[in-house]
Amino acid sequence: MKILDRYLLREYLRAFVVGLLFFIALIIVVRLLDYDLKKFEDDISYTTAVKIVLYQAPRRIMEMVPIAGFVAVFFTLGRMVRRNEFTAMKAGGISVYRLLAPILIVTLIICGIFAVFYNRVASPAFHEAHLLQNKVRPRRGRNIVFKGKDNRTFYSQRIALDAKKINQLTIYEHDPENRLDRITFAKSATWTPTEWELTDGFIRHFEQGVEVDYETFDTHVIERHEDPARFIGSEKDPRAMTIKELREQIAYKREAGQISRKEQVKLYHKTAYPFAAVVVVMLGAPIAIRFGRAGFFAGLVIAFFLSFIYWALSFATLEGLSENGKLHPFLACWGANILYGLVGSIMIWRTPK
């Protein structure tokens with residue numbers, strides 16, 4: 001690695017880390033302590049409130065990575081412009097592309113690290129915060145409706161995964177024309193790897209929507225395709241799911257004939273958003289070269305403005321359209337990255353060499 005590369009990366013990484021730490025502290029104080037705590041109920045304990053704040057923090061950190069990247073590149077290149085170092089490098093035959101290459105490469109590596117952090121740390125932590133904030137027990141659920149495979153819909157009054165038991169389970173089965181075909185009710189149900197074991201219930205048979213038969217049973221066994229954990233997991237916020245969980249949920253919903261647009265959007269979002277910092281840095285570099293003399297605070301204002309446009313375009317507009325079925329999830333989630341990357345590439349190309 002050349003001296004120039006070491007110098008650029010040292011200055012850029014130092015600015016990135018300092019900026020990220022500053023924005024993390026800012027977002028925790030302003031958004032978490034001020035906004036999130038206001039939503040807590042009066043009877044929540046101080047310890048639980050602190051846990052919720054800490055569990056929310058990783059997801060908030062992800063929101064600050066693109067801003068930290070922009071500020072870092074603006075500060076690093078802007079200072080080089082003010083000190084005429086950039087002019088000296090150009091005079092020495094160093095092109096803008098050669099200057100930006102190590103910064104973009106290290107930013108890409110940082111984005112890869114944060115992509116793993118987003119999936120493995122931030123998403124599970126957000127789920128824990130959601131459980132604490134809503135006082136939900138992750139291994140139990142009440143009054144759950146779940147659409148399974150083979151046109152079966154399940155209603156469970158109470159499910160306990162740890163005890164492997166369901167109280168008052170009703171199974172509605174429909175024919176290919178979506179007409180009610182059978183209703184099976186059991187006061188209690190347990191399960192094996194392949195079967196539902198029902199106790200003390202009845203079965204009602206229908207033809208053309210009219211009941212034609214009724215029978216009771218003490219015990220009854222039917223084939224099981226559904227994972228009982230999904231009865232509760234289906235209520236899990238897609239934002240709190242890992243990439244693996246989202247893929248499994250999407251595959252299951254497709255087999256069961258359920259709509260999975262929201263999960264598809266969140267899946268692509270988890271792969272696209274961590275790399276927002278790269279395209280933001282691509283925009284920030286030519287802006288810093290052109291307007292770096294304006295100073296650090298000018299770069300801070302521009303960073304927040306561009307990040308606001310990114311979030312408004314990606315989250316509020318494109319992802320919203322995709323969840324409503326009007327845009328493909330890939331284009332919705334990667335659209336802002338593609339647009340910012342294209343604009344940044346053009347600006348770098350047009351930067352005086």
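Structural notes, computed from the coordinates. Values in this document were obtained by computation on a predicted structure and should not be read as measured data. (Residues numbered from 1 in each chain as written. Predicted model: local features only at pLDDT ≥ 70, side-chain atom pairs only at ≥ 80, totals over all residues. Heavy atoms only, no water.)

### What about the overall build of the protein?
Within the protein, the regular secondary structure consists of ten helices and six strands. Buried residues in the protein amount to 48% of all 353 residues. The long-range share in the protein, meaning contacts at least 24 apart out of those at least 6 apart in sequence, stands at 64%. For the protein, the accessible area works out to roughly 18300 Å², and carbon and sulfur atoms hold 59% of it. (Helix = DSSP H or I, 4+ residues; strand = E, 2+ residues; numbered from the N terminus. Buried < 20%, exposed > 50% of the residue type's maximum accessible area, 1.4 Å probe, protein only. Contact = heavy atoms within 4.5 Å. Areas by Shrake-Rupley, 256 points an atom, 1.4 Å probe, with all protein chains shown as cover.)

### Here we look at the pairing of strand E6 (residues 210–223)
In terms of strand pairing, strand E5 (residues 195–207) meets E6 through twelve bridges, oriented antiparallel. Paired with histidine 205 across the strands is aspartate 213, a residue of E6. Between E5 and the antiparallel strand that follows it, E6, lie two residues; glutamine 208 among them carries a positive phi value of about 55 degrees. (Pairing = 2+ DSSP bridges.)

### Points about the environment of tyrosine 268
Relative to the helices and strands, tyrosine 268 resides in helix H7 (residues 261–272). The exposure class of tyrosine 268 is partly exposed, given its relative accessible area of 28%. Through-space distance from the C-alpha of tyrosine 268 to that of phenylalanine 330 is 5.9 Å; in sequence the pair is 62 residues apart. With sequence-adjacent residues up to four places away left out, tyrosine 268 is seen in contact with His328, Pro329, Phe330, Cys333 and Trp334.

### Considering a negative patch on the surface
Taken together, Asp150, Glu195, Glu197 and Glu223 make up a surface patch of like negative charges. Topologically, glutamate 197 is positioned in strand E5. (Patch = residues over 30% accessible without salt bridge, like charges linked within 9 Å, V, L, I, M, F, W, Y side chains within 5 Å. Salt bridge = Lys/Arg side-chain N within 4 Å of Asp/Glu carboxyl O. Lys, Arg positive; Asp, Glu negative; His and termini not counted. Charge placed at Lys NZ, Arg CZ, Asp CG, Glu CD.)

### Comments concerning the packing of helix H6 (residues 243–255) against H7
At a minimum axis distance of 9 Å, the contact between H6 and H7 shows a crossing angle of 155 degrees. As judged from the angle between their axes, H6 and H7 are roughly antiparallel. Where H6 crosses over H7, the two elements pack in a sense that is left-handed. Every residue of H7 that contacts H6 at Ile243, Leu246, Arg247, Gln249, Ile250, Lys253 and Arg254 is listed here: Glu263, Gln264, Lys266, Leu267, Lys270 and Thr271. Residue composition of the contact of H6 with H7, by class: four nonpolar, three polar and six charged. (Axes fitted to C-alpha atoms, helices over the stretch in contact; angles between N-to-C directions. Parallel < 35°, antiparallel > 145°, perpendicular 65-115°, else oblique. Left-handed = near helix turned anticlockwise from the far one by under 90°. Nonpolar A, V, L, I, M, F, W, Y, C, P; charged D, E, K, R; others polar.)

### Regarding the pattern of salt bridges
This model, assessed by the stated rule, comprises nine salt bridges. Across the salt bridge formed by glutamate 11 and arginine 14, the nearest N and O atoms sit 3.7 Å from each other. Note that glutamate 11 and arginine 14 are positioned in helix H1 (residues 3–36) at a spacing of three residues, about one turn of the helix. Of the charged contacts, one joins glutamate 173 and arginine 182 as a salt bridge, the two residues approaching to 3.0 Å between their closest N and O atoms. Here glutamate 173 falls in the buried class, since its relative accessible area comes to 16%. Using a relative accessible area of 25% as the deciding quantity, one classes arginine 182 as partly exposed.

### Some points on the packing of H7 against helix H10 (residues 329–350)
Put simply, H7 and H10 touch, their axes get as near as 8 Å, and they point 30 degrees apart. Taken as axis vectors, H7 and H10 run roughly parallel relative to one another. In this structure, H7 crosses over H10, and the sense of that crossing is right-handed. Counting all contacts with H7, which are made through Gln264, Val265, Tyr268, His269, Thr271 and Ala272, the residues of H10 involved are Pro329, Phe330, Cys333, Trp334 and Asn337. Its residues placed into classes, the contact of H7 with H10 shows seven nonpolar, four polar and no charged.

### Description of a nonpolar patch on the surface
On the surface, Phe22, Leu26, Val29, Val30 and Phe304 cluster together into a nonpolar patch covering about 440 Å² of accessible area. Ranked by residue count, the leading element in the nonpolar patch is H1, at four residues. Examined against the element boundaries, leucine 26 turns out to sit in helix H1. Classification of leucine 26 as partly exposed rests on a relative accessible area of 35%.

### So, unusual backbone geometry
A positive phi is found at asparagine 84, a non-glycine position, where the angle reads about 65 degrees. With respect to the helices and strands, asparagine 84 occurs in the loop between helix H2 (46–82) and helix H3 (85–91). The backbone of aspartate 200 shows a phi angle near 55 degrees, a positive value even though the residue is not glycine. Tracing the sequence through the fold places aspartate 200 in strand E5. Taking the relative accessible area as the measure of exposure, aspartate 200 reaches 36% and is therefore partly exposed.

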